[in-house]
Amino acid sequence: MRVPLSWLREYVDLPAGETGRDVAERLVRAGLEVETVEQIGTDLKGPLVVGEVLSIEELSGFKKPIRHCFVNVGDANGTGEPQEIVCGATNFQVGDKVVVVLPGAVLPGPFPIAARKTYGHTSAGMICSARELGMGDDHAGIIVLPPEYEPGTDAIELLQLVDEVLDIAVTPDRGYCLSLRGVAREAAAAYGLPLADPALLDVPPANSFGYLVKVTDPAGCDRFVARTVIGVDPNAKSPIWLQRRLQKAGIRPISLTVDITNYVMLEVGQPLHAYDKQRVDGPITVRRAQEGETLTTLDGVERKLAAEDLLICDNSGPIGLAGVMGGASTEILDPAAGPGTTEVIIEAAHFDAVSVARTAKRHKLPSEASKRFERGVDPEAARAAAQRAVDLLVLIAGGTAEAGVTDIAAPHPVRTITISADLPDRVAGTAYGRETVTRRLQEIGCSVAGADVLEVTPPTWRPDLTDPYDLAEEVIRLEGYDNVPARMPNVPPGKGLTEAQRVHRRLGVALAGAGYVEVNNYPFLGEAAFEALGLEPEDRRRRTVKLVNPLNDEEPSLRTTLLPGLLGALRRNIGRGNTDLAIFETGTVFLPKDERTVAPRPAVDHRPSDEELAELDAALPDQPRRVAVALAGERLPSGWWGKGDQASWADAIEAARTVARAAGVELTVRQGQLAPWHPGRCAELVVTGTDRVVGHAGELHPRVVKALGLPARTAAMELDIDLLTADGAERVNGPAVSGFPVATQDVALIVDTAVPAAEVEDALRSGAGELLEAIRLFDVFTGEQVGEGKKSLAYALRFRAADRTLTADEASAAREAAVAEAVARTGAVLRGA
Amino acid sequence: MSAPNKSYDPVEVEALKPEVVEQARDEAIAAFAAAGSLDELKQAKVAHFGDRSPLALANREIGALPPHAKAAAGKLIGQARGAVNQALAKRQAELEAERDARVLVEEAVDVTLPFDRAPRGARHPLTTLAERIEDTFVAMGYQVAEGPEVEAEWLNFDALNLGPDHPARSMQDTFFVQAPDGSADSGVVLRTQTSPVQARTMLDREPPVYVVCPGRVYRTDELDATHTPVFRQVEGLAVDEGITFADLKGTIEVLVEKLIGGGLELRWRPSYFPFTEPSAEIDLQCFVCRGESVGNPDRPCRTCSSEGWIELGGCGVVNPRVLVACGVDPNRYSGFAFGLGLERILMNRHNVADMRDMVEGDVRFTLPFGMEI
């Protein structure tokens, strides 16, 4: 809602020096969200005056028509002589009153004006269009003023070019603030000043000879006021003040009748509709649509109506979507295109908020009217609004108000709210006292009776006030939130973070400590992502949760893996010249359940049953938390110290171990195969001691690397944190540290290339027995010496006993037992044996 | 040289004459002092303090002396040897220090050589900002609660007093999840706020409830410098007997002081949220310009766009209807709730000009934030 300060002052006598910003600050503290205070015309400087065109000489020989004019600007140019001006517009004639800007002036831009030579003549100023003056976008031609203004009159004042406009974002509970009347009411309360209510008009009572209206759906339309005005001058133009107010409020002037309905809507908050009476066929009926009916609305679109749509109809059928938009067939006619409208029916009705909201949504037709009805319009303002429109049509358009007054009103129960007088105190945590509560409620238009328990009747323009807490809020906001004291609640002792939350933090810290940078990607993806990853058609990860209204039609799905987003971020970084990268992401993936159901919508007046709550959860996809890493380029950089290390499959697996260690879980690595990993360089990550696969790590498949434009040997890991930590971490028992000396023995074993090192190590470990303190693979060797298809694995074994110094024989025996186990399990051959 | 066991007068033993001992002593001390290196000192030590040195030989003579003379001779030799030993140690220390100094000089390196071999990592500032806020509340006794990002409409809207036709539903542009039949009537959405976690928490446990709920939320905005369709909120909820708006104010004040710093004014603006009543928007006095940029074109402030205030988030007293829908007795309990947008706080607290930087995952953006903020 755009509120010109000059207009607001008409209803509240604000202090003279009060700026738009001052008023905004007060309104903000009362709960109106003033988004901006627009300064209009601050960079405008005169002289800008009314001129009378004395002569026009059409210049020829130029690409476009050019006029050489003399204009009487009175004494505004200091000489009283006609002003010589060259003008490119042609929509005026000799004798017209126009707006002239004289040399020395500055137009909005800023655009300083000086006399200059152009098209062979001197142009000492300019005849102005609306756009040049910052009045709107209308650049069709220059402004032609009504004839009554004297040449030389200051046009800045005349055209109200300097003003401040408050732009207010009205929250859904405050429909009444979509009007000057409502904003003025808030301003009056904020300043403690009286309000001149524009809806307080003398209105003749309803009678039986008004335009015939039948309402068949009083629930959808509980008020319908109709007035008629005849003898309207179709050529009458909206006066400047009216146009200017509409423009500043953000509404384009169209024609006098339409402008008046818009003006009254802005002023009082009641949407009005004007019908060309001669085009309406018979009585007006308000009813729901029938299947198959259509209506061409004012915007020229033919709309298929749904049975729920509330309509305004005449004998010919629908002539309007109630509270949303009128129909084209009864539209006010523009005299430029034939005979203009001379007889007008003014509709001021009250429609059901939900019905209007649904119709506007169904037809994707949010209008100024529907916006107001959805948020609640004062049903008691209808008569005054109609009267105001009639008065303006009579005053400005020369019309005659017919005596008939139609006013159909469904009975309105009086809404009374019972509120304990100390409820505001209890909600705010401070003591206002009964008198303050009563006074504040009266200020917003409530009638209040009672003492400790108040019977409050809210005003008709506040349909949002329905329960005692609504009233408490009004009192607290008007008393000022700033005046509520600050206090701390008495929180019972807390339990701290859960183990899962601590793990989640730890693994982020661990990965960052290991040189990974965290990224957060959007979870949206599409088929292309799965293609790039080389997923088989039946891969489960292709079964996604899909959005009805995705941001991008190519990415309608929610991720089932973190990799597409992560690899995208990797590529983005590389594209920006960061070549050595290690990044990670944690976040949920979205896995549809096998049985997909629709979530119920339980009632809200009590707690849903446990069954209903279970149904709600059953309709949601599984949303486990994952962690993933991606690496490319050098993991350890080369430098003056020597060569670095390329990121590889091994780093990806190490990252998995880093995560597992942070979670206090031991991982076992198995050879695996899963897209998008390299089939020979993919590790399956298993929780040690279980068969639970929690993820994969390794080098990406060369095809994937190519498809995504990533560097060769790009590596990645993804694992499911929830699965990883499903058993929880075991409590660590402090080890007994032996003080006896260590005995170190090395062993090199030759095995088939296909034998996993992890199996050899497992065998050595179990063969060596209790004396083995640690085992470390220090060399892997392939080559002629070990034979084709073989590899040599060299281990350092550390033996130690808890209670004695080991003899060389004991250590050797343990080593031999270890080797024997490896030989037995993996077919290893002791190297050098 | 005298032979042992020979009976003689000690004063007649040449080697034990005081002047001889003193001379040997002085010569030894002089030799040590003259030694210019540890090698030379070693030679001097052999010559003057070794087994065959005059003082050592003299010492041996003592054994042959008659008992009455042993004490005096022993004292004489002992003092001399003591002095020599001291001189030797002193010189040894001096020369070692000299050598060490020389070696250390020779071993000097250019320590300004860049050594950045260990790759640097960092956590995303939105993650660490959320943790900082969590920690503030955990310290007050709150718990951290979480909920699903794909959420039932009922929990995201209905339970929070946003009925099917509530105009506020169109305020939040919602991503709807396809139903099994492909239609929009799945009853499931991407949560538009972290508030459904509030509802879940209340449905889940008996009051008193004190929780903070961090998480990702979704709205159908296009990504630009100040909007992102996927963003983060931290929601707070307290439900207990006698909770008031005053408790909310006190709590937010503590949070702001911990998060941003003290001494800044807060502005509590009445606003509207269906799930709270009364509702408020909290504005923080701009901590960069402290309001001095307002109406002052010569001193524009980028942080607050010269508004003087920075929007922190929304809050209010929990609407009793929400309590009812979540099975909490509104006649016994009341609550407050607040929600903060983390992106905006990060922008303000750390002067981030463009929200896209938080989304795109450029490591150059994230690295400077390190492990905590």
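Residues numbered from 1 in each chain as written. Chains lettered and ligands numbered in written order. Predicted model: local features only at pLDDT ≥ 70, side-chain atom pairs only at ≥ 80, totals over all residues. Heavy atoms only, no water.

**Some remarks on the packing of aromatic side chains**
Piece 1. The full count for this structure, using the stated rule, is 17 aromatic pairs over all chains.
Piece 2. One aromatic cluster is present, built from ring pairs that chain together Y522 and F524 of chain A together with F175 and Y218 of chain B.
Piece 3. A cation over a ring is seen here: R26 of chain A above Y191 of chain A, with NZ or CZ 4.2 Å from the ring centre.
Piece 4. The ring of F92 of chain A carries the charged tip of R67 of chain A above its face, separated from the ring centre by 4.7 Å. (Phe/Tyr/Trp six-rings, centres within 6.5 Å; stacked < 30°, edge-to-face > 60°. Lys NZ or Arg CZ within 6 Å of the ring centre and 35° of its normal.)

**With respect to a nonpolar patch on the surface**
Piece 1. A contiguous nonpolar patch, built from W640 of chain A together with L113 and F115 of chain B and spanning about 330 Å² of accessible area, is present on the exposed surface.
Piece 2. With respect to the secondary-structure elements, L113 of chain B resides in the loop between α4 (67–106) and α5 (125–140).
Piece 3. Residue class for L113 of chain B comes out partly exposed when judged on its relative accessible area of 36%. (Patch = residues over 30% accessible without salt bridge, like charges linked within 9 Å, V, L, I, M, F, W, Y side chains within 5 Å. Areas by Shrake-Rupley, 256 points an atom, 1.4 Å probe, with all protein chains shown as cover. Salt bridge = Lys/Arg side-chain N within 4 Å of Asp/Glu carboxyl O. Helix = DSSP H or I, 4+ residues; strand = E, 2+ residues; numbered from the N terminus. Buried < 20%, exposed > 50% of the residue type's maximum accessible area, 1.4 Å probe, protein only.)

**Points about helix α8 (residues 368–375) of chain A**
All names here are of chain A.
Piece 1. Taken across its 8 residues, α8 has 6 buried, putting it largely inside the fold.
Piece 2. Looking at the buried side of α8, the elements it contacts are α6 (256–268), β23 (344–351) and α7 (353–362).
Piece 3. Immediately downstream of α8, the backbone of G376 shows phi near 105 degrees, a positive value. (Contact = heavy atoms within 4.5 Å.)

**Some words on the sheet that holds strand β27 (residues 453–457) of chain A**
Residues and elements named next belong to chain A.
Piece 1. Taken together, the 3 strands give an open sheet; going across it, the order is β25-β27-β26, and neighbouring strands pair in antiparallel fashion. With one partner strand each, in any of the chains shown, β25 (417–420) and β26 (447–450) form the two edges of the open sheet. When strand polarity is set aside, the average angle formed by the axes of neighbouring strands in this sheet is 30 degrees. (Pairing = 2+ DSSP bridges. Axes fitted to C-alpha atoms, helices over the stretch in contact; angles between N-to-C directions.)

**A short note on the confidence of the model for chain B**
Keep in mind that low pLDDT regions are not for reading the predicted coordinates in detail.
Residues and elements named next belong to chain B.
Piece 1. Chain-level pLDDT for chain B is 89 on average; 95% of the residues reach the 70-or-more range.
Piece 2. Across chain B, strand β2 (residues 150–152) holds the top mean pLDDT of 97, while helix α7 (residues 168–171) sits lowest at 65.
Piece 3. On the interface metric, ipTM, the complex scores 0.83, and its pTM is 0.82. (pLDDT = per-residue confidence, 0-100.)

**Here's the deal with the pairing of strand β8 (residues 309–318) of chain B**
Residues and elements named next belong to chain B.
Piece 1. In terms of burial, β8 is largely enclosed, as 9 of its 10 residues are buried.
Piece 2. Here strand β7 (residues 276–285) runs beside β8; their pairing, made up of 8 bridges, is antiparallel. Within the sheet, the bridge partner assigned to D283 lies in β8 and is E311.

**Observations concerning helix α13 (residues 499–513) of chain A**
Piece 1. Look at α13 of chain A: 20 Å from first C-alpha to last across 15 residues, which is about the 21 Å you get at 1.5 Å a residue.
Piece 2. Considered for burial, the residues of α13 of chain A that qualify are Q501, V503, R505, L507, G508, L511 and A512 of chain A.
Piece 3. For α13 of chain A, the elements touching its buried residues are β31 (581–588), β32 (625–632), α17 (649–663) and α19 (721–724) of chain A together with α5 and β1 (143–144) of chain B.
Piece 4. Positive phi appears at G515 of chain A, one or two residues downstream of α13 of chain A, with a value of about 95 degrees. (Expected span 1.5 Å × (residues − 1).)

**Here we look at the pattern of salt bridges**
Residues and elements named next belong to chain A.
Piece 1. Summed over the entire model, instances satisfying the criterion amount to 89 salt bridges over all chains.
Piece 2. When the shortest N-O distance is used, the salt bridge between E443 and R440 registers 2.8 Å. With a gap of 3 residues between them, E443 and R440 both fall in helix α11 (residues 434–443), about one helical turn apart.
Piece 3. When its relative accessible area of 31% is taken as the criterion, E443 is described as partly exposed.
Piece 4. Among the ionic pairs, R502 bridges to E499, the shortest N-O distance being 3.9 Å.

**A look at the pairing of strand β13 (residues 163–169) of chain A**
Residue and element names in this part refer to chain A.
Piece 1. Burial analysis of β13 places 5 of its 7 residues in the buried class, the great majority of the element.
Piece 2. Where strand β1 (residues 2–4) lies against β13, 3 bridges are found, and the strand directions are antiparallel. Across the sheet, the residue bridging to R2 is D167, located in β13.
Piece 3. Relative to β13, strand β2 (residues 33–40) runs antiparallel, the two sharing 7 bridges. The partner of E38 across the bridge, within β13, is V165.

**As for the side chain of T118 of chain A**
Residues and elements named next belong to chain A.
Piece 1. By the element assignment, T118 lies in strand β9 (residues 116–118).
Piece 2. Using a relative accessible area of 13% as the deciding quantity, one classes T118 as buried.
Piece 3. Among all residues touching T118, those that are not within four sequence positions of it are V86 and S123.

**Details of the interface of chain A and chain B**
Accessible area lost during the coming together of the parts is what is often quoted as the interface size.
Piece 1. Listed per partner, the contact involves 103 residues of chain A and 114 residues of chain B.
Piece 2. Interface area for chain A against chain B, summed over the two sides, is near 8,800 Å², with a carbon-plus-sulfur share of 57%.
Piece 3. Between chain A and chain B we count 12 salt bridges in total.
Piece 4. Here D617 of chain A ties to R200 of chain B by a salt bridge, and the two come within 2.9 Å at their closest N and O atoms.
Piece 5. One can count 49 residue pairs in polar contact (both at pLDDT 80 or more) joining chain A with chain B. (Buried area = accessible area lost by both parts, 1.4 Å probe. Polar contact = N/O pair within 3.5 Å; in protein donor to acceptor, adjacent residues only side chain to side chain.)

**Details of the sheet that holds strand β22 (residues 325–326) of chain A**
Residues and elements named next belong to chain A.
Piece 1. Taking strand neighbours across the sheet as the criterion, the 5 strands line up as β14-β17-β20-β21-β22 in an open arrangement whose pairing is mixed. Looking at strand neighbours, the two that pair on one side only are β14 (213–215) and β22, the edges of this open sheet.
Piece 2. Here 4 bridges tie strand β20 (residues 310–314) to strand β21 (residues 317–321), and the two strands are oriented antiparallel to one another. Counted as the bridge partner of I312 is G320 from β21.

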